[in-house]
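Residue strings, one per chain:
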Amino acid sequence: MNMDGAHGEKGLELFWQFCDRSITHDSSVEIVIPEHQPEARKLLSVSARVLPPAKYVTASAVELSGGIDCTALYIGTDGEIYSAQGSGEYECSAPVERQECLEPTEAAQVV
């Protein structure tokens, strides 16, 4: 994530497990530092929470979509610690062979 200036974009890889199949999806979330906070001098951490997916099942595929919430913790140019939030959406699909395996793990993992 590049937090130079007023915003940055965080790349994420999402992972779901379906029986003997897994789905991975690359996504990104833009995090904007509010105008009333100083610019970032050093990024301390970024956490992401993937919201449960909406599922659409066809005879041969599963489609997932949902939201991602991220929080960045950083040191501002004044030396104080701040946080900034961002959210985004994801959509992905994958072919499946057996209908009984269409329930994903309870939550996506951010890897």
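Criteria and cut-off values
Residues numbered from 1 in each chain as written. Predicted model: local features only at pLDDT ≥ 70, side-chain atom pairs only at ≥ 80, totals over all residues. Heavy atoms only, no water. Helix = DSSP H or I, 4+ residues; strand = E, 2+ residues; numbered from the N terminus. Buried < 20%, exposed > 50% of the residue type's maximum accessible area, 1.4 Å probe, protein only. Contact = heavy atoms within 4.5 Å. Phe/Tyr/Trp six-rings, centres within 6.5 Å; stacked < 30°, edge-to-face > 60°. pLDDT = per-residue confidence, 0-100. Salt bridge = Lys/Arg side-chain N within 4 Å of Asp/Glu carboxyl O. Core = buried A, V, L, I, M, F, W, Y, C linked by side-chain atoms within 4.5 Å.

**Looking at the overall build of the chain**
At step 1: Looking only at helices and strands, one finds zero helices and seven strands in the chain.
At step 2: What you see in the chain, going N to C, is helices and strands ordered as β-β-β-β-β-β-β.
At step 3: Out of the 111 residues belonging to the chain, those deemed buried represent 36%.
At step 4: Relative to all contacts within the chain whose residues are 6 or more apart in sequence, the contacts with residues 24 or more apart total 63%.

**Observations regarding the packing of aromatic side chains**
At step 1: The final tally for this structure, using the stated rule, is one aromatic pair.
At step 2: Between the aromatic rings of Y74 and Y82, the centroid separation amounts to 5.8 Å while the plane-to-plane angle is 25 degrees, which identifies the pairing as stacked. Y82 matches Y74 in its accessibility class, with the two residues each being buried.

**Focus on the confidence of the model for the chain**
At step 1: Predicted confidence across the chain gives a mean pLDDT of 76, with 69% of residues reaching 70 or more.
At step 2: Ranking the elements of the chain by mean pLDDT puts strand β7 (residues 109-110) last with 53 and strand β3 (residues 40-50) first with 91.
At step 3: The low-confidence segment residues 1-8, where pLDDT is below 50, has 29 contacts with residues more than four positions distant or belonging to other chains.

**Description of the pattern of salt bridges**
At step 1: In the structure shown here, the tally under the stated rule is one salt bridge.
At step 2: With a shortest N-O distance of 3.1 Å, D69 and R49 are connected by a salt bridge. Placement of the pair is D69 in strand β5 (residues 61-76) and R49 in strand β3, with a sequence separation of 20 residues.
At step 3: Taking relative accessible area as the criterion, D69 reaches 29% and is therefore assigned partly exposed.
At step 4: Overall, the relative accessible area of 51% leaves R49 in the exposed class.

**Thoughts on the environment of S65**
At step 1: Checked against the element boundaries, S65 lands in strand β5.
At step 2: Among the residues examined, S65 registers a relative accessible area of 27% and is labelled partly exposed.
At step 3: Remark: the alpha-carbon pair of S65 and E91, spanning 26 residues in sequence, is separated by 4.3 Å.
At step 4: Setting aside its immediate chain neighbours within four residues, S65 contacts P52, P53, A54, Y90 and E91.

**Some thoughts on the nonpolar core**
At step 1: Judged by nonpolar contacts, the single largest core of 13 residues is most densely connected at I68 and Y74.
At step 2: For this core, the secondary-structure elements that each account for two or more residues are β2 (21-32), β3, β5 and β6 (81-95).
At step 3: A per-element tally of this core places β5 first, with four residues.
At step 4: In terms of nonpolar packing, the next biggest core, distinct from the first, is built from six residues, I23, V62, L64 and A94 among them.

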